[in-house]
Every structure is written in structure tokens, then in C-alpha cells.
Amino acid sequence: MIAAGMPRAIADGGLHVARLFGRNPVAAPVDLVGRTFVVTGASPGSLGYEVARTLASWGGEVVATCVRDPAALERALREDVTARGGGSATAERLDLSDRGSVEAFARRCEDRFAGALHVLINNAGILKGMFARRREPKYAPDGQEIHWRTNYLGAFHLTRLLLAMLEGAARESGDARVVNVASHQHVRARNDQLFESTADRNSWDAYGLSKLAMVHMSTELHRRHGFAGDFRAVALHPGTVYTNMIADGFASDPRLRILRPVLQRLASRVLLTPEAGAQTVVWCATASCVQGGRYYERCALARPSAALLDEQAGARLWDASVRWADSHASAP
């Protein structure tokens, strides 16, 4: 399996290095006064934090989420945004692996935004055991594989709960969006795996599968709910970014204890910064030229995996996910 994926890994690494020393695209500032945003997974030091900070500094009203210590997140955002003279940013707790947490957060959003939300950015994601050799899957408390539960099902559930608010904003303002932060790692997954058991699936495979599902969700959401250009759903790859997820991956593996400081310094130098990685996310959330149902990278249209050409798989996944979200039945 490692040998089979080596050519792709080498090609991806070469492309990343070439882009690292080239010019990174930058999203053009947009006046966001009067527009409302939810950004999930925005702990300080993360990609989501940079997205939330930027949107608020451009005048937007932003609610950012994290699993731990939302008070600290809110303080950090307010200091950043105040220093830049922007809009407003507040923080809320949200655990996408917990149905009750997702539903409670959605209710708070309804109260906060009075039924109109302009942009939902599904950024939160996990990658457990990044350097682990074990193949045993990890599970959420409800029995779902943890990457599938957090990265996809939790985001799907939240999106459906906020969809009426997004459609209301689309009718009122002519522009509402769902922006799903996926990953180039979605290419490692196949459509048939979306409906198979999670047994014997390692963390990287589970992560890639959850990101394939996120891209399918974007295209299917746009097919079902996009109308007259008012509502757009897109997915994107932000680039290979050095964030808390990678730092935690180094810290969680005892085999890397001696090499950890060197590896962390090296990774922080060769991978994109969260600020650089945030550019495509911000661009997809604000640029007028963004097309619904499409996949983006480096602030431009990109070609996703051929698996995304199968609309029947996307429709089947959507219907199965709706059944799960509307009940306590098993996920697809």
C-alpha cells in the first residue's frame, strides 16, 4: 500500500515545494459589513482562526467555534479584530462528534442571527494518530468512526440545521454560501468505501474518506438547494498547512519524542502558514466570482478526484446522511 501511493506522494510533495517558493495567492479584501459568518474549528493557531480573524477584520459579524475554552478564543479574536478596526467576533463551544452539542449550537445561532446567516464555513476537522502504525479504527461515543463522525457527519448535521437560515439570507441578500474545507487527501478514497464498514481502516484512509464525503456534500447541496445564483455551496483544498493538527500529531507519538523539536521546526518552515492557507477559504466565502457546486484550490477552480463525477454516489450519500441526521440510526 505504501509503495502504491509513493509516486503520488512524491508528485504532491514536489508540487507543494514548487508552490512554497512561489507566490501564494491572496484573497482581495471585501467590505463585509452587514454579513454574518459561522466558522467552525477556530482555535488559536488554526486555519479556522485565521479565517475568522480575517472575515471579522473586514467588517463581518463572525461566530467562531472550538471544542475547548471558547472564552480564550473570544478574547484572542477580539484583541486581533479590535487592533485592525474591523467588525465583531465571538466564540462558542461546538463538538461536532456530539449530536447534542451540534443541536444546541444551531439553536444559539438562530437566536444570534435572527434567522439569517450568510456564510457557514465547515472548517473543523481531526486527524487522529497521524503517525501511528496501528490500523484499529477510533470511534466516537455514539459508535461512529471518529473521523467520519467529526469531519463529515457532524458538519452535515450542522449544515442541515442551519440551512433554513442560509436560504433566508440568500433570498434577502442574494448571496449565501456553505464553504466546506476539504483536502487533497480526498483523492485517496473511493465512492464504494462511503458505504462500507470502517473496520481495518487507518487514520489517513478514514480522513481521506471523510473529505471525499465533504466534497460530495458540497456538490449535492448545491444541486438540491442552489437557485438563481443566490445560494452557493463549494469545497476547497486550503493547501498543506502547519496547524495545531500537525503539531498535535507530533506530540501524540512517543516514538518521535527525541526528534519532535526538529520535526516541528522543519514542518513549520516547509508547510504553509495558517494565514497563507486561509486565503482560499476566505476567497471562497467572499469573492463574487465563486461558482456553486465547484472545487477550489489556490483561489481558483481545481479538478477534484474523478470519484466526484459520480452524481449517483453523491445523491445516495446525501439520502443516507439525511436518514442518520433525522434519527439515531447508523450512518452510511
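Look up a bit, the structure's there.
Parameters at a glance
- Residues numbered from 1 in each chain as written.
- Predicted model: local features only at pLDDT ≥ 70, side-chain atom pairs only at ≥ 80, totals over all residues.
- Heavy atoms only, no water.
- Helix = DSSP H or I, 4+ residues; strand = E, 2+ residues; numbered from the N terminus.
- Buried < 20%, exposed > 50% of the residue type's maximum accessible area, 1.4 Å probe, protein only.
- Pairing = 2+ DSSP bridges.
- Right-handed = clockwise from strand over helix to strand, strands pointing away.
- Axes fitted to C-alpha atoms, helices over the stretch in contact; angles between N-to-C directions.
- Parallel < 35°, antiparallel > 145°, perpendicular 65-115°, else oblique.
- Left-handed = near helix turned anticlockwise from the far one by under 90°.
- Contact = heavy atoms within 4.5 Å.
- Nonpolar A, V, L, I, M, F, W, Y, C, P; charged D, E, K, R; others polar.
- 1 Å grid on protein atoms, 1.4 Å probe; cavity = no way out; pocket = protein on both sides within 12 Å on 5 of 7 lines; lining within 4 Å.
- Points joined across faces, edges and corners; volume = space filled by probe spheres on them.
- Polar contact = N/O pair within 3.5 Å; in protein donor to acceptor, adjacent residues only side chain to side chain.

Side note on the environment of Ser88
With respect to the secondary-structure elements, Ser88 resides in strand S3 (residues 88–93). With a relative accessible area of 31%, Ser88 lands in the partly exposed category. C-alpha of Ser88 to C-alpha of Val62: the two residues are 26 residues apart in sequence and 6.1 Å apart in space.

Comments concerning the pairing of strand S2 (residues 61–66)
Burial analysis of S2 places five of its six residues in the buried class, which makes it a mostly covered element. Relative to S2, strand S1 (residues 36–39) is paired through four bridges, and the arrangement is parallel. Along S2, the bridge assignment pairs Val38 with Val63. Remark: the S1/helix H2 (residues 47–57)/S2 crossover connection has right-handed handedness. Relative to S3, S2 runs parallel, the two being bridged by six bridges. Counted as the bridge partner of Glu61 is Ser88 from S3. Remark: the S2/helix H3 (residues 70–84)/S3 crossover connection has right-handed handedness.

Remarks on the packing of H2 against helix H9 (residues 274–286)
Between H2 and H9, the shortest axis-to-axis distance is 8 Å and the interhelical angle comes to 55 degrees. Judged by the angle between their axes, H2 and H9 are oblique. Both H2 and H9 take part in a crossing whose hand is right-handed. Taken together, the residues of H9 that come into contact with H2 (itself represented by Leu47, Glu50, Val51, Arg53, Thr54 and Leu55) are Pro274, Glu275, Gly277, Ala278, Val281, Val282 and Thr286. Partitioned by chemical class, the residues of the contact of H2 with H9 number seven nonpolar, three polar and three charged.

Section: the layout of surface pockets
To locate leftover empty space, one rolls a probe as large as a water molecule over the atoms. Taken as a whole, the second largest pocket holds about 290 Å³ of empty space. Residue lining of the second largest pocket: 15 residues in total, with Thr219, Gly293, Arg294, Leu308 and Leu309 positioned closest to the centre. A total of four residues in the lining of the second largest pocket trace back to one element, the largest contributor, which is helix H6 (residues 203–225).

Brief notes about the environment of Arg224
Within the fold, Arg224 resides in helix H6. For the pair Arg224 and Ala315, spaced 91 residues apart in sequence, the C-alpha separation works out to 9.5 Å. Excluding residues that lie within four positions of it along the chain, Arg224 makes contacts with Ala315, Trp318 and Asp319. A distance of 2.7 Å separates the side chain of Arg224 from the side chain of Glu220, its partner in a polar contact.

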